[in-house]
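So you can see what is in the structure, the chains are spelled out below.
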Amino acid sequence: MTQTTEQVLQGARQARALRYLGVFGGLAAAFVIIIVLNINSGSVDISAGEMVRLLFLRQGETTQLNIVWKIRLPRIFMAAILGGALSLSGFLLQTFFSNPIAGPFVLGVSSGAKMAVALTMICFIKQFGSVSSFTLIAAAFVGAMLSIGFVLLLSRSIHSMGVLLVGGIMIGYICSAITDFVVTFADDADIINLHNWSMGSFSGMDWEDVQVAAVVTALTVAAVFLLSKPIGAYQLGEAYAQSMGVNIRVFRVLLILLSSVLAACVTAFAGPISFVGIAVPYLVKRGLNTAKPIVVIPAVFLGGSVFCMFCDLIARTAFAPTPLNISTVTSIFGAPVVIWMMLRRSRGRG
C-alpha cells in the first residue's frame, strides 16, 4: 500500500469521524436547548437564574418547584425516553423487513398495543380500581405481538413489501376500530381520560412512570446494543449473516421481541404516536451517511428523544392553553419526511 493511498484512507476516516461528531454534537446541543425551552415554556415563566436554582439547588417558590419537578420535568424525561424507544423500535423493524417504510405505527404494532392497553385499563379499573405500569406494558406487549404476528403470517404468503405494508395498515385500522368502540361505550367514570390517552400524549406523567419506563427501555436498549454485530451482518443479507455464524431464526425473533417491547412501553404510557419510528431513523442514517448499528443505534435513540421533546413543546405551546395531541404534531413534521423518502426511492428505481 502506497503512502498516497494511506493518506486517502486516513482522510476518509477523519471526514467520517467529523461527520459523526457533527451529528452527535448537533443532537446533543438540540437536546439541551429543547430541555431548557420545555422547562421555561408554559403559563408560568421561569428566568435562567431561577431555573438554575430550581434544578440544582431545589430552591425557589413552592409553586415554581412543584411546576418544574412534578409536572414539567417528568413530562420532559418521558418524552425523551419514549421518543428514543419509539425511534429505535422503528429502526429494528426496518432492519427486520429490510424496508425503511416499516415502523410500529405503519405495521399496526402501536394500534395493537393501544387496543390491548384500552381493554386492560377498562377491565382492571372496573375490577380493582387501578392498574400498574408494568401491567399496562405487559398488555401493550401482548397486543403488539398479536399485530406483528398477523403481519408475519401475511409475509409468508405475500412477498411484495408494498402489499405487506398495506396489510399492516389494515390490521392497525381494525385494532383502532375495536379501541374506539370500547372507548365509546365505556361507562366507568374512572376511565374518562382513556380517550385522551388513546390520541397520544405525554401529559400527566410522574416520577414513578419515568422510573418504570427508564428501566424497561434501558434493559431493552442494552440488549439491542449486544446485537449490533449481528444486525450489521444481517443488513448485508441473510446469506452473509449465516456465513458469519448468525442464527437467523433466533435473530429475527429477537428483533421482533425487542422492537415490540419498545413500542409497547411507548404505547402503554403515551398512547400511539405516529411517524417517529419511520422519519427519525431515516434522517439520522442520512445525516451519518452510514448504517453501522454501533453508530446508528445511539444516534437514532437520541434523535427520537430530540424529535419527540420538540413536538411535545409545540403541542403544549402552539395553541396554549389548549394542548394538541402529540400524534398531530409528529404527523405534521414526520409525514413530509416519509413522502420525501418515498419519492427519493421511486426516483432511485427509475
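Residues numbered from 1 in each chain as written. Predicted model: local features only at pLDDT ≥ 70, side-chain atom pairs only at ≥ 80, totals over all residues. Heavy atoms only, no water.

**Student:** I keep staring at the overall build of the chain and nothing clicks. Help me out?
**Tutor:** Counting its secondary structure elements, the chain contains 14 helices and zero strands. Along the chain, helices (α) and strands (β) appear in the sequence α-α-α-α-α-α-α-α-α-α-α-α-α-α when read from the amino end. Relative to the compact-globule value of 20 Å for 350 residues, the chain shows a C-alpha radius of gyration of 21 Å, a close match. Here the chain, with 350 residues, has 47% of them falling under the buried criterion. Of the contacts formed within the chain by residues at least 6 apart in sequence, a portion of 76% connects residues at least 24 apart. A distance of 18 Å separates the average location of the 22 positive side-chain charges in the chain from that of its 13 negative side-chain charges. (Helix = DSSP H or I, 4+ residues; strand = E, 2+ residues; numbered from the N terminus. Rg over C-alpha atoms; globule rule 2.2 N^0.38 Å. Buried < 20%, exposed > 50% of the residue type's maximum accessible area, 1.4 Å probe, protein only. Contact = heavy atoms within 4.5 Å. Lys, Arg positive; Asp, Glu negative; His and termini not counted. Charge placed at Lys NZ, Arg CZ, Asp CG, Glu CD.)

**Student:** Help me understand the pattern of salt bridges, please; the structure alone is not making it clear to me.
**Tutor:** Should the charged atoms of two oppositely charged side chains come close, the side chains can pair. Inspection of the entire model under this criterion finds two salt bridges. With its nearest N and O atoms 2.8 Å apart, the salt bridge here joins Arg 75 to Asp 312. With Arg 75 in helix H3 (residues 62-97) and Asp 312 in helix H13 (residues 293-317), this residue pair connects regions lying 237 residues apart in the sequence. Judged by its relative accessible area of 2%, Asp 312 is buried. (Salt bridge = Lys/Arg side-chain N within 4 Å of Asp/Glu carboxyl O.)

**Student:** When you look at helix H9 (residues 228-235) in this model, what are you seeing that I'm missing?
**Tutor:** An α-helical turn contains 3.6 residues, so any two residues separated by three or four positions project in the same direction. Buried within H9 we find Ser 228, Ile 231, Ala 233 and Tyr 234. Along its buried surface, H9 packs onto H3, helix H8 (207-226), helix H10 (238-243), helix H11 (248-270) and H13. After H9 finishes, the residue Gly 237 shows a positive phi value of roughly 120 degrees.

**Student:** Explain the state of the cysteines here, please?
**Tutor:** Cysteine pairs can be covalently joined through their sulfur atoms, and such a bond is termed a disulfide. In the structure shown here, the tally under the stated rule is zero disulfides. Free of any disulfide, Cys 311 has its nearest cysteine sulfur in Cys 308, 6.2 Å distant. In this structure Cys 311 comes out as buried when scored by relative accessible area, which is 0%. (Disulfide = S-S within 2.5 Å.)

**Student:** What is the right way to look at helix H5 (residues 133-157) in this model?
**Tutor:** Look at H5: 37 Å from first C-alpha to last across 25 residues, which is about the 36 Å you get at 1.5 Å a residue. All of the buried residues along H5 are Ser 133, Leu 136, Ile 137, Ala 139, Ala 140, Gly 143, Ala 144, Ser 147, Ile 148 and Val 151. (Expected span 1.5 Å × (residues − 1).)

**Student:** Help me understand the environment of Phe 24 in this model?
**Tutor:** With respect to the element layout, Phe 24 can be found in helix H1 (residues 3-40). Residue Phe 24 is classed as partly exposed on the basis of its relative accessible area, which comes to 25%. When sequence neighbours within four positions are dropped, the list of residues in contact with Phe 24 reads Leu 288, Val 295, Pro 298, Ala 299 and Leu 302.

**Student:** Where do I start with the nonpolar core in this structure?
**Tutor:** The nonpolar side chains of soluble globular proteins are, as a tendency, buried together. Within the largest apolar cluster, 103 residues are counted, with the highest numbers of intra-cluster contacts made by Leu 82, Phe 97, Leu 107, Phe 202 and Phe 269. When residues of this core are assigned to their parent elements, the largest contribution, 18 residues, is made by H3. (Core = buried A, V, L, I, M, F, W, Y, C linked by side-chain atoms within 4.5 Å.)

**Student:** In this structure, what is going on with the side chain of Thr 220? I would like to understand it.
**Tutor:** By the secondary structure assignment, Thr 220 is in helix H8. Residues in contact with Thr 220, not counting those within four places in the same chain, are Leu 258, Val 261 and Leu 262.

**Student:** So what exactly am I meant to see when it comes to the packing of aromatic side chains here?
**Tutor:** Working definition: an aromatic ring pair is given by the centre-to-centre distance plus the angle between the planes. Taken as a whole, this structure holds six aromatic pairs when the rule is applied. Ring plane angle 50 degrees and centroid distance 5.0 Å describe the contact between Tyr 234 and Phe 251, whose orientation is recorded as tilted. Separated by 17 residues along the polypeptide, Tyr 234 in helix H9 and Phe 251 in helix H11 bring together distant segments of the chain. Looking at Phe 251, the relative accessible area reads 3%, which means it is buried. With a centroid separation of 5.8 Å and 80 degrees between ring planes, the pair formed by Tyr 282 and Trp 340 is classed as edge-to-face. Here Tyr 282, found in helix H12 (residues 276-288), pairs with Trp 340, found in helix H14 (residues 326-349); they are 58 residues apart in sequence, far enough to count as distant. Taking the relative accessible area as the measure of exposure, Trp 340 reaches 36% and is therefore partly exposed. Ring pairing ties together the aromatic residues Trp 69, Phe 77 and Trp 207, which thus form one cluster. (Phe/Tyr/Trp six-rings, centres within 6.5 Å; stacked < 30°, edge-to-face > 60°.)

**Student:** What's the story with the packing of H3 against H9 in this structure? I'm lost.
**Tutor:** Any two packed helices are characterised by the angle at which their axes cross and by the distance between the axes. At a closest axis distance of 9 Å, the pairing of H3 and H9 adopts a crossing angle of 40 degrees. Looking at the two axes, H3 sits oblique to H9. Crossing geometry of H3 relative to H9 is assigned as left-handed. In this structure, H3 uses Phe 91, Leu 92, Thr 95 and Phe 96 to contact H9, whose residues at the interface are Ile 231, Tyr 234 and Gln 235. Residue composition of the contact of H3 with H9, by class: five nonpolar, two polar and no charged. (Axes fitted to C-alpha atoms, helices over the stretch in contact; angles between N-to-C directions. Parallel < 35°, antiparallel > 145°, perpendicular 65-115°, else oblique. Left-handed = near helix turned anticlockwise from the far one by under 90°. Nonpolar A, V, L, I, M, F, W, Y, C, P; charged D, E, K, R; others polar.)

**Student:** Explain the environment of Ser 132 here, please?
**Tutor:** Tracing the backbone through its elements, the reader meets Ser 132 in the loop between helix H4 (109-128) and H5. We classify Ser 132 as partly exposed; its relative accessible area is 38%. Each C-alpha atom, one on Ser 132 and one on Val 163, is 38 Å from the other, the two residues being 31 residues apart in sequence. Here the side chain of Ser 132 touches Thr 135 through a polar contact of 2.6 Å, side chain to side chain. (Polar contact = N/O pair within 3.5 Å; in protein donor to acceptor, adjacent residues only side chain to side chain.)

**Student:** Explain unusual backbone geometry here, please?
**Tutor:** The phi torsion of most residues other than glycine is negative, and most of the peptide bonds are trans. If you check the backbone angles, Ser 98 has positive phi at about 55 degrees while not being a glycine. Inspection of the secondary structure assignment puts Ser 98 in the loop between H3 and H4. When its relative accessible area of 60% is taken as the criterion, Ser 98 is described as exposed. Positive phi outside glycine occurs at Phe 275, with the angle close to 70 degrees. Inspection of the secondary structure puts Phe 275 in the loop between H11 and H12.

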